[in-house]
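Structural overview
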Amino acid sequence: ILGYRDSVKAIHREDVLGFYEQWYYDSSLTVSITGRVEPEKILPVLENSLGVRRVEKNQYAKVEHVIPRKRWNKYQREVDQGQIILGVPAPGLEDPDCTAIQVLNAILGGNEISRLYQSIREEKGLAYAIDTSHDAWLGAGCFYVSAGLDHRKLDQVEKIILEEWERIKKNPVSEEELLIAKNSLEGTRIMELEGAGAFNSHMGSMAVRGLLEDPEEELKQIQRITTEDVQRVANRL
């Protein structure tokens with residue numbers, strides 16, 4: 001994935017140095033450290049190691065809102081397995097509805113006890129993989145359902161997906177289903193941040209986006225989501 005033997009050999013010191021000079025400066029460089037460290041002791045070490053960086057405006061532009069438009073793309077290959085992805089534009093990371101969308105995702109198809117997984121895979125055996133996901137960036141994102149299946153069952157599965165989407169828009173989820181989804185999401189988040197490396201990566205990536213928040217507060221936000229919130233964001237999407 002890094003290239004071919006010839007292309008890797010063709011990278012010279014000047015290329016690496018040029019990349020470093022172009023992208024590594026004060027406004028884009030973030031250092032994330034996890035562990036028993038004292039800021040007053042570690043900061044001088046970082047300053048001495050990294051040197052004085054030039055200050056420039058961050059070159060990463062915020063993604064503008066995506067204008068929804070219906071499209072249908074089909075790619076035909078000589079294989080029995082088919083793949084389907086149905087997606088819609090969704091809010092970005094900084095949007096206050098992000099947490100509610102995560103809970104909606106957990107209910108609809110984000111795990112093995114979700115509606116689509118149980119209906120399409122477990123009960124009807126129409127797909128070997130089915131899930132939903134909310135991919136979010138600064139300013140924009142997308143929410144999508146994906147499935148891996150026998151291509152001859154594609155139309156049937158698509159129909160069930162759209163019917164389930166309409167149901168979650170029109171009918172509020174039960175308090176029991178909501179609680180299960182929130183607890184599942186909370187447990188997943190705790191497990192994801194259990195290791196020092198994972199915690200460090202999460203805090204660093206959020207700091208880069210200016211969205212640094214205590215993980216404990218994130219868990220509280222999950223538990224504050226109501227059935228009304230889930231139905232509202234379903235209709236928003």
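Here the structure is a predicted model, which is why all the values come from computation and not from measurement.

With that out of the way, let us pick up the layout of surface pockets. Quantified by volume, the largest pocket comes out at close to 1,600 Å³. Lining the largest pocket are 46 residues, and of these Trp 72, Asn 73, Ile 84, Ile 85 and Leu 86 lie nearest its centre. Broken down by secondary-structure element, the contributors of at least two residues to the lining of the largest pocket are strand 1 (81-90), strand 3 (141-150), helix 6 (154-170) and helix 10 (227-236). Looking at the lining of the largest pocket, its residues break down into 26 nonpolar, 9 polar and 11 charged.

Listing the buried residues of helix 5 (residues 115-123) in full gives Arg 115, Leu 116, Tyr 117, Ser 119 and Ile 120. Gly 125 lies just past helix 5 and shows a positive phi near 60°.

Across all of its chains, the model carries 16 salt bridges by this definition. Between Glu 122 and Arg 121 there is a salt bridge, and its shortest N-O distance comes to 2.8 Å. Note on Glu 122: relative accessible area 44%, which makes it partly exposed. A salt bridge links Asp 150 to Arg 152; the nearest nitrogen and oxygen atoms lie 2.7 Å apart. Among the charged side chains, a network of salt bridges with common partners joins Asp 95, Asp 97, Asp 229, Arg 232 and Arg 236.

Let's shift gears to the nonpolar core. Within the largest apolar cluster, 36 residues are counted, with the highest numbers of intra-cluster contacts made by Val 103, Leu 104, Ile 107, Ile 120, Ile 130, Phe 143 and Val 230. The leading source of residues in this core is helix 4 (residues 98-108), at 7 residues. Discounting residues that sit within four places of it in the chain, Ile 120 has contacts with Gly 125, Leu 126, Ala 127, Ile 130, Val 157, Ile 160 and Ile 161.

A word on the side chain of Lys 182. Mapped onto the fold, Lys 182 is located in helix 7 (residues 175-192). Despite its burial, Lys 182 remains without a salt bridge, the nearest opposite charge being carried by Glu 175 at 6.2 Å. In terms of polar contacts, Lys 182 uses its side chain to reach the backbone carbonyl oxygen of Ile 225, at 3.0 Å.

Relative orientation and spacing of two packed helices are given, respectively, by the angle between their axes and the distance between those axes. Running from amino to carboxyl end, helix 4 crosses helix 6 at an angle of 130°, the nearest separation of the two axes being 12 Å. The pairing of helix 4 with helix 6 is recorded here as oblique in orientation. You can see that helix 4 and helix 6 cross each other, and the crossing is right-handed. Of the residues in helix 6, those touching helix 4 at Leu 104, Ile 107 and Leu 108 are Glu 164, Trp 165 and Ile 168. When its residues are assigned to classes, the contact of helix 4 with helix 6 shows 5 nonpolar, no polar and 1 charged.

Cut-offs applied
- Residues numbered from 1 in each chain as written.
- Predicted model: local features only at pLDDT ≥ 70, side-chain atom pairs only at ≥ 80, totals over all residues.
- Heavy atoms only, no water.
- 1 Å grid on protein atoms, 1.4 Å probe; cavity = no way out; pocket = protein on both sides within 12 Å on 5 of 7 lines; lining within 4 Å.
- Points joined across faces, edges and corners; volume = space filled by probe spheres on them.
- Helix = DSSP H or I, 4+ residues; strand = E, 2+ residues; numbered from the N terminus.
- Nonpolar A, V, L, I, M, F, W, Y, C, P; charged D, E, K, R; others polar.
- Buried < 20%, exposed > 50% of the residue type's maximum accessible area, 1.4 Å probe, protein only.
- Salt bridge = Lys/Arg side-chain N within 4 Å of Asp/Glu carboxyl O.
- Core = buried A, V, L, I, M, F, W, Y, C linked by side-chain atoms within 4.5 Å.
- Contact = heavy atoms within 4.5 Å.
- Lys, Arg positive; Asp, Glu negative; His and termini not counted.
- Polar contact = N/O pair within 3.5 Å; in protein donor to acceptor, adjacent residues only side chain to side chain.
- Axes fitted to C-alpha atoms, helices over the stretch in contact; angles between N-to-C directions.
- Parallel < 35°, antiparallel > 145°, perpendicular 65-115°, else oblique.
- Left-handed = near helix turned anticlockwise from the far one by under 90°.

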